[in-house]
Every structure is written in structure tokens, then in C-alpha cells.
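Chain by chain, the residues run as shown.
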Amino acid sequence: MLTGLKNAFRIKELRDKIIFTIAMLVAYRIGAHVPVPGIPFQGMLGLFEATGNTVASGAMALLNLFSGGALSYVSVFSLGIMPYITSSIILQMLQSVVPSLHELAREGEVGQTKITQYSRYLTLALAILNAIGYLFLFKSFGISFTGADAPEVILDIMVVGTLVAGAMLIMWIGELITQRGIGNGMSLIIFANIMAGLPQAIFSSVSDGSTASIILTAVIVVVILLVIPLIVYLERGQRRIPVQYAKRVVGRRIMGGQSTYLPIKVNTAGVIPIIFASAILYLPAQLAVFFPGIGWIQAVAGALSSGWLNWILNVVLIVFFAYFYTSMVFNPDDTAENLKKQGGFIPGVRPGRATANYIKNALNKITLPSAIFLALIAIVPSIVFSFTGNQLIQAFGGTSVLIMVGVVLDTIAKLESQLKMYDYDGFFK
């Protein structure tokens, strides 16, 4: 590991990318502590502290986690990356039902550029809606914005505009990291947000100084350390389907005849199912802030945000999105067609439709256990938190660990590929 990092900093181009990525993340974390205009100092003491609001403490916890605590401090980055994530969910789901979007996705770089542009427009629209909702949320907690004797409507417009600008700036930072840095920008921003909340979560879990709290926190840390190798094993696990290439004569040379394999990741969808499921389950809570006085809306939002109904729906949605996203990124029909064109075949399986069905069945068999594992990682900490109330479990539970491990492995893989280009030893032997 240390040798790989040392080699990475020896290459000027790679070193510049790493420094640029770190600089962008530092700039983002600084912005997460800049308050919106007109916020009184007491509003920066923590929005969700000492509150008994069920919706806020349950539904908004994940949003606050993904914003790195910016939401609880009424920062300009309070919206976090949730508008962008939600727009990505909508567009990816539309690609399977809207033929024009599906064709765009198959056009390569040109089509992806157009889809990215649509995602930006949708992010802007969702950011405006979320900003208005958060304005109601802030006011429901008794926070009043002040400034130069300006009318309240002017202050409200200023706050909404600031939150929207912050969300678009986050999207821009993420895209800059993806284009000019190392790794996926949005994933790295989520990673930075989770890591930023870790120290405070540890201190909060042992704040009372009791022996029971210290022991429970130590047990949680040990369990997390034991779960990390399992997650790494899942993330790097593959189902290798043997492939044989027939011999063929090209000019005076005999091509093919070698044996290889088709690697299929056990967890093809990564952490996307958890993020998608969480975004959908907490959407009612975001809508509930528009109607703080309507009891049944608050009750529905609270039920979907925590408790047994939330756990059941989490499992169902995670399994669904695991299959859905896997089908989006891995097409057995295209794979079988490419193998046929290149003269490859799976031993004992006829080329064409039979090969596609074989790959599809193999993909379905490995997707189900990985989806169930993802679901358990996501809901078990929530169940434990409901009984213990330990803040470390809420802030650094299975979802957070899974996201962090997935982001780290993805970033290391990208560094590895860059090092191989320059004939340097990487991180994996």
C-alpha cells in the first residue's frame, strides 16, 4: 500500500490529480461550515440537537449525514448531493421506459453528454423544490432569518437562492473531481461527509462517561472492523464464466484458440441500491416539511423514516434496485452477441440466445445473495440503534461503512490503472 502511494506521487500527472482532488474536497468541507445569509448565531449550534421531532431525528438523519452535517448547521451546502442523486435515479429509471433516452444511453459519449445535461437541469429543479422545503423546515424549528430590515419574502428568496447555488456548486465540484481528479467526484464527496461526522459520533456515544457507553462504543468499533473485510470480499468477488475462442485463419496467421473467462462482479450494483432506496424512503420526509401542520402526512413520513415499516421497505427496495441497476450496467444479450462476433463461446452452451440466458441466470444467482447482504448491512444497524440509541451506530452504521469501503476500493482501482500505464507497481499484487 505504501509503495503504491509512493509511486503515485512520483508521477507528476498523477500527483497533480491527487492534489487537485484533495484541494476540492477541502474547499467543499470549508463551504459546508459557511452559514446562509441572515442566519443568527444560535442557529449554527445544531439544528437537530435537543429536539423531539420524530421526522427530523429519523428521516433527516441520512440527509444530514450525506451533507456532512451541513444541514444541521444551516450551511450554504445544506442540500448536499441529494438533488443530484435523486435526478440520477429518475433519469436511470426513465432510460428503461423512454425509448429516446434508452437510445441516447447507447450512443456512447455523445449520448451520455446529453443525459448528463438533462441531469443537471433536473438537479436544478429538484434543488429549488428542496430549498423551499428546507426553508419551511428551518422555520419549523424556530429559526428566523434577519438582515438590514429587509421584508421577509426577500430574505426567504435569498435563503432559497443561496441553498440552490450551493447545491449546484456541489455538483460542479463533483464533476470537476471526476474529470480532473481521481475517482468519482460525487462518491468522494459522500465519503468526505461521512468521515467528517465520525469524530463527533464517537464523542457523542461516550459523552456521558459511563462504563456501559464506553464498552458499547468499543464493541461497535470492533464489529465495524470485522465487517470491513467481509465488504471487501464482497466488492472484489467475481463469478468467472469460462470462455473458449475458436481458431480462425487471418491472412497467414492462426488467431484464437485460447481459453479465458468472463468476469462478473458478485456485487455489480455496488452501493447504488442502498443510496437509491434511502433517497426514495426519505422523500416523504422531505415532502412533509412543506406541510408541518398536517398530522397524517407527518405520521406517514415518520413511519417510512424509521421503525419496522422502514426496515421492510428498505430490504424490498434494495433487492429491487440491485437487480434493476445490474440490468442497467450489464446486458447479457450484448455480451453474448459480442462473444459470438469474436468467435468466443462458453463450453457446453450454444452461441447466441442460449449464451445470453446462461449469463443471465448466472447473474441472477449471484445478485440475490449480494442484494440480501446489502440489505442486512443497511437495516441491522438501524435495528440496533432503535434499541440502544448509540449515535455512533446511526452516523457510522452499515450503510456508511459500505459506502466508504466501496469508494476507497473504486478510487484505489483507478489509481492502480493509472500506475500500470506508467509501468509502476500498484496496490494489488
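Residues numbered from 1 in each chain as written. Predicted model: local features only at pLDDT ≥ 70, side-chain atom pairs only at ≥ 80, totals over all residues. Heavy atoms only, no water.

S.K.: So what exactly am I meant to see when it comes to the environment of Y245 here?
M.R.: Along the polypeptide, Y245 turns up in strand 1 (residues 238–245). For the pair Y245 and K340, spaced 95 residues apart in sequence, the C-alpha separation works out to 9.5 Å. (Helix = DSSP H or I, 4+ residues; strand = E, 2+ residues; numbered from the N terminus.)

S.K.: Just to check I follow, could you spell out the sheet that holds strand 4 (residues 259–265) for this structure?
M.R.: The strands that make up a sheet pair up through hydrogen bonds in the backbone, lying either parallel or antiparallel. Spatial strand order, 4-1-5: three strands in an open sheet with antiparallel pairing. Of all strands in the sheet, those with a lone pairing partner are strand 4 and strand 5 (344–345), marking the two edges. In the sheet, strand 1 pairs with strand 5 via two bridges, with the strands oriented antiparallel. Residue Y245 lies in a different strand from strand 5, and its bridge partner there is G344. Contacts from helix 15 (residues 353–388) reach strand 1 and strand 4 within the one sheet, and its direction differs from that of strand 1 by about 165°. (Pairing = 2+ DSSP bridges. Contact = heavy atoms within 4.5 Å. Axes fitted to C-alpha atoms, helices over the stretch in contact; angles between N-to-C directions.)

S.K.: It is not clear to me how the nonpolar core should be interpreted in this structure. Could you clarify?
M.R.: Side chains that are nonpolar tend, in soluble globular proteins, to be buried together. The biggest cluster of nonpolar side chains holds 73 residues, and the ones touching the most others in it are F145 and L163. Ranked by residues supplied to this core, first place goes to helix 7 (residues 152–180) with 10 residues. Contact partners of L163, with chain neighbours within four places excluded, come to V36, S75, V76, S78, L79, A131, Y134 and F138. Grouped together as the second largest cluster of nonpolar side chains are 13 residues, V243, L262, F330 and I359 included. (Core = buried A, V, L, I, M, F, W, Y, C linked by side-chain atoms within 4.5 Å. Buried < 20%, exposed > 50% of the residue type's maximum accessible area, 1.4 Å probe, protein only.)

S.K.: Looking at this model, I keep getting lost on the packing of aromatic side chains. Mind explaining?
M.R.: Each aromatic ring pair is characterised by the separation of its centres together with the angle its planes make. Throughout the structure, instances matching the rule amount to four aromatic pairs. Considering the side-chain rings of F320 and F324, the 5.9 Å spacing of their centres and the 15° angle between planes classify their relative orientation as stacked. With F320 and F324 both in helix 13 (residues 308–329) and four residues apart, this pair spans about one turn of that helix. On the accessibility criterion, F324 (11% relative accessible area) is buried. Members of the aromatic cluster, joined through ring pairs, are F320, F321 and F324. (Phe/Tyr/Trp six-rings, centres within 6.5 Å; stacked < 30°, edge-to-face > 60°.)

S.K.: Help me understand the confidence of the model for the protein in this model?
M.R.: When the pLDDT values of the protein are averaged, the result is 78; 82% of them are 70 or greater. Across the protein, the secondary-structure element scoring lowest on mean pLDDT is helix 3 (residues 54–66), at 56, and the one scoring highest is helix 7, at 89. Contacts for the low-pLDDT stretch residues 50–57, under 50 throughout, to residues beyond four places or in other chains number 12 contacts. (pLDDT = per-residue confidence, 0-100.)

S.K.: Can you help me understand helix 10 (residues 272–281) in this one?
M.R.: Every α-helix winds through 3.6 residues per turn, so residues three or four apart in the chain are directed the same way. Counting buried positions along helix 10 yields eight of 10 residues, so the element is predominantly enclosed. Residues of helix 10 that are buried: P273, I274, I275, F276, A277, S278, A279 and L281.

S.K.: When you look at the packing of helix 13 against helix 15 in this model, what are you seeing that I'm missing?
M.R.: When two helices pack together, their arrangement is given by the angle between their axes and by how far apart the axes lie. Axis separation between helix 13 and helix 15 bottoms out at 9 Å; the angle between their running directions is 150°. Classified by the interaxial angle, the pair formed by helix 13 and helix 15 is roughly antiparallel. Our pair here, helix 13 against helix 15, has a crossing hand that is right-handed. In this structure, helix 13 uses W311, N314, V315, I318, V319, A322, Y323 and T326 to contact helix 15, whose residues at the interface are L363, N364, T367, L368, A371, L374, A375, A378, I379, S382, I383 and S386. A breakdown of the residues in the contact of helix 13 with helix 15 according to their chemical character gives 14 nonpolar, six polar and no charged. (Parallel < 35°, antiparallel > 145°, perpendicular 65-115°, else oblique. Left-handed = near helix turned anticlockwise from the far one by under 90°. Nonpolar A, V, L, I, M, F, W, Y, C, P; charged D, E, K, R; others polar.)

S.K.: Help me out: how do you make sense of the pattern of salt bridges in this one?
M.R.: Any two side chains of opposite charge can pair if their charged atoms end up close together. With the rule as written, the count across this model stands at five salt bridges. D16 is the salt-bridge partner of K12, the closest N and O atoms lying 2.9 Å from each other. A residue pair is termed a helical-turn pair when its members lie 3 or 4 positions apart in one helix, as K12 and D16 do in helix 2 (residues 12–31) at four residues. For D16, a relative accessible area of 37% puts it in the partly exposed group. (Salt bridge = Lys/Arg side-chain N within 4 Å of Asp/Glu carboxyl O.)

S.K.: What is the right way to read the pairing of strand 1 from this model?
M.R.: Successive side chains on a regular strand alternate, one facing one side of the sheet and the next facing the other. Relative to strand 4, strand 1 runs antiparallel, the two being bridged by seven bridges. Each residue of the ladder has a partner; that of I241, found in strand 4, is L262.

S.K.: Before we go on, may I ask you to explain the environment of P242 in this structure?
M.R.: One can find P242 in strand 1. Between the C-alpha atoms of P242 and I346, which are 104 residues apart in sequence, the distance is 6.1 Å. With sequence-adjacent residues up to four places away left out, P242 is seen in contact with T260, Y261, F345, I346 and P347.

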